[in-house]
Amino acid sequence: SQTIHQWPATLVQPVGSPLSLECTVEGTSNPNLYWYRQAAGRGLQLLFYSVGIGQISSEVPQNLSASRPQDRQFILSSKKLLLSDSGFYLCACSAGGQQETQYFGPGTRLLVL
Amino acid sequence: DQQVKQNSPSLSVQEGRISILNCDYTNSMFDYFLWYKKYPAEGPTFLISISSIKDKNEDGRFTVFLNKSAKHLSLHIVPSQPGDSAVYFCAASERSGGSNYKLTFGKGTLLTVNP
């Protein structure tokens, strides 16, 4: 079964600073990869998904971007953070014959001050 | 427009009793439904799922029921244990081109199981 790693676990950044969050997946190949954000007291909002290297689809217009430089690596970035970017960021993957089910990483808590 | 709704933000039950978590959806294109459990500051853990061609799926203490005509699903946990205390998210899946499936999540229900 797949294992999803995310780092850092926690991050405090000033407004206007850049951001790079990394997600790597083990135990599977050619996964679909996803970035979600959970804002305080809210559900999970899909930000980006990728079905292959270099293929990124954005779900909502925002201050963030995503990249997939390798099959099992997914990166979430920003050039200049906003206060509203604070939240809990989750990477997920689905793979194999069960693409409908997504498995989540441990998450990164981002606080923008 | 919220396509997946969990109308109860919280639920409290006694240990050993049944917990019933409810979820409603509006999009007829959803064809697969999932329940996730989430502890604070952790990622959601997949619990159980059901295809739209079924009306029940059982896995140990967890059973999911689907009523397609009512666009309603529920998660039953029996018997409930204190370790079940967590936020439970309902999610619905629809195909989004090729092999990709998009999940839409409800806002979650906080379950508290009292000893």
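As the structure is a prediction and not an experimental result, all values here were calculated from the model.

Asks: Teacher, can you tell me more about the overall build of chain B here?
Replies: Of regular secondary structure, chain B possesses zero helices and eleven strands. Taken from the N to the C terminus, the helices and strands of chain B come in the order β-β-β-β-β-β-β-β-β-β-β. The principal-axis extents of the C-alpha atoms in chain B amount to approximately 45 × 30 × 25 Å. A total of 115 residues make up chain B; the buried ones form 43% of that total. Within chain B, contacts between residues separated by at least 24 positions form 54% of all contacts whose residues are at least 6 apart in sequence. When the accessible surface of chain B is summed, it comes to about 5500 Å², and 49% of that surface belongs to carbon and sulfur atoms.

Asks: I'm lost on the state of the cysteines in this one. Help?
Replies: Note on terminology: disulfide describes a covalent bond linking the sulfur atoms of two cysteines. Residues and elements named next belong to chain A. Within the structure shown, the criterion is met by two disulfides over all chains. The disulfide bridge from Cys23 ends at Cys91, spanning 1.9 Å between sulfur atoms. Between Cys23 and Cys91, the disulfide has an S-S torsion of -65 degrees and is therefore left-handed. In this pair, Cys23 sits in strand E3 (residues 19–26) while Cys91 sits in strand E9 (residues 87–94), placing the two residues 68 residues apart along the sequence.

Asks: Would you mind showing me how to read the interface of chain B and chain A here?
Replies: One frequent convention defines the size of an interface as the accessible area lost when the parts assemble. In this complex, chain B contributes 20 residues to the contact, which on the side of chain A involves 22 residues. Among the residues of chain B in contact with chain A, Asn100(B), Tyr101(B) and Phe105(B) are the three that bury the most area, contributing 26% of the side total. If you look at where chain B meets chain A, you find one salt bridge. With its nearest N and O atoms 2.9 Å apart, the salt bridge here joins Lys102(B) to Glu59(A). For the interface between chain B and chain A, the tally reads five residue pairs in polar contact (both at pLDDT 80 or more). Going through the elements one at a time, strand E4 (32–38), strand E9 (86–95) and strand E10 (101–105) of chain B are the ones with two or more residues in the side of chain B that touches chain A.

Asks: For this particular structure, what's the right way to read the nonpolar core?
Replies: General note: in soluble globular proteins, nonpolar side chains tend to be found buried as a group. Counting 23 residues, the largest nonpolar core has Phe33(B), Trp35(B), Leu73(B), Leu75(B) and Tyr88(B) as its most contacted members. When contributions to this core are tallied by element, the ones reaching two or more residues are strand E3 (19–25), E4, strand E5 (45–51), strand E7 (62–67), strand E8 (72–77), E9 and strand E11 (109–114) of chain B. Considering each element in turn, this core owes the most residues, four residues, to E9(B). Residues Leu47(A), Leu64(A), Tyr89(A) and Leu110(A) belong to the second largest nonpolar core, which totals 19 residues.

Asks: Teacher, can you tell me more about the sheet that holds strand E8 (residues 73–78) of chain A here?
Replies: Strands in a sheet are paired, the pairing made by backbone hydrogen bonds, and the direction either parallel or antiparallel. All names here are of chain A. Judged by pairing direction, the sheet is antiparallel, and its four strands sit side by side in the order E1-E3-E8-E7 without closing on themselves. The open sheet has two edge strands with one neighbour each: strand E1 (3–7) and strand E7 (65–70). With direction set aside, neighbouring strand axes in the sheet form an average angle of 20 degrees. Relative to E3, E1 runs antiparallel, the two being bridged by five bridges. Within E3, the residue paired with Thr3 across the bridge is Glu26.

Asks: Looking at this model, I keep getting lost on the sheet that holds E3(B). Mind explaining?
Replies: Residues and elements named next belong to chain B. Taken in spatial order, the five strands line up as E1-E3-E8-E7-E6 in an open sheet, and their pairing is antiparallel. With one partner strand each, in any of the chains shown, strand E1 (4–5) and strand E6 (56–59) form the two edges of the open sheet. Looking at chain direction, E6 and E7 are connected through four bridges and run antiparallel. Bridge assignment links Lys56 to a residue of E7, and that residue is Phe65.

Cut-offs used in this document
- Residues numbered from 1 in each chain as written.
- Chains lettered and ligands numbered in written order.
- Predicted model: local features only at pLDDT ≥ 70, side-chain atom pairs only at ≥ 80, totals over all residues.
- Heavy atoms only, no water.
- Helix = DSSP H or I, 4+ residues; strand = E, 2+ residues; numbered from the N terminus.
- Buried < 20%, exposed > 50% of the residue type's maximum accessible area, 1.4 Å probe, protein only.
- Contact = heavy atoms within 4.5 Å.
- Areas by Shrake-Rupley, 256 points an atom, 1.4 Å probe, with all protein chains shown as cover.
- Disulfide = S-S within 2.5 Å.
- Buried area = accessible area lost by both parts, 1.4 Å probe.
- Salt bridge = Lys/Arg side-chain N within 4 Å of Asp/Glu carboxyl O.
- Polar contact = N/O pair within 3.5 Å; in protein donor to acceptor, adjacent residues only side chain to side chain.
- Core = buried A, V, L, I, M, F, W, Y, C linked by side-chain atoms within 4.5 Å.
- Pairing = 2+ DSSP bridges.
- Axes fitted to C-alpha atoms, helices over the stretch in contact; angles between N-to-C directions.

Worth remembering: the numbers are spatial, not functional.
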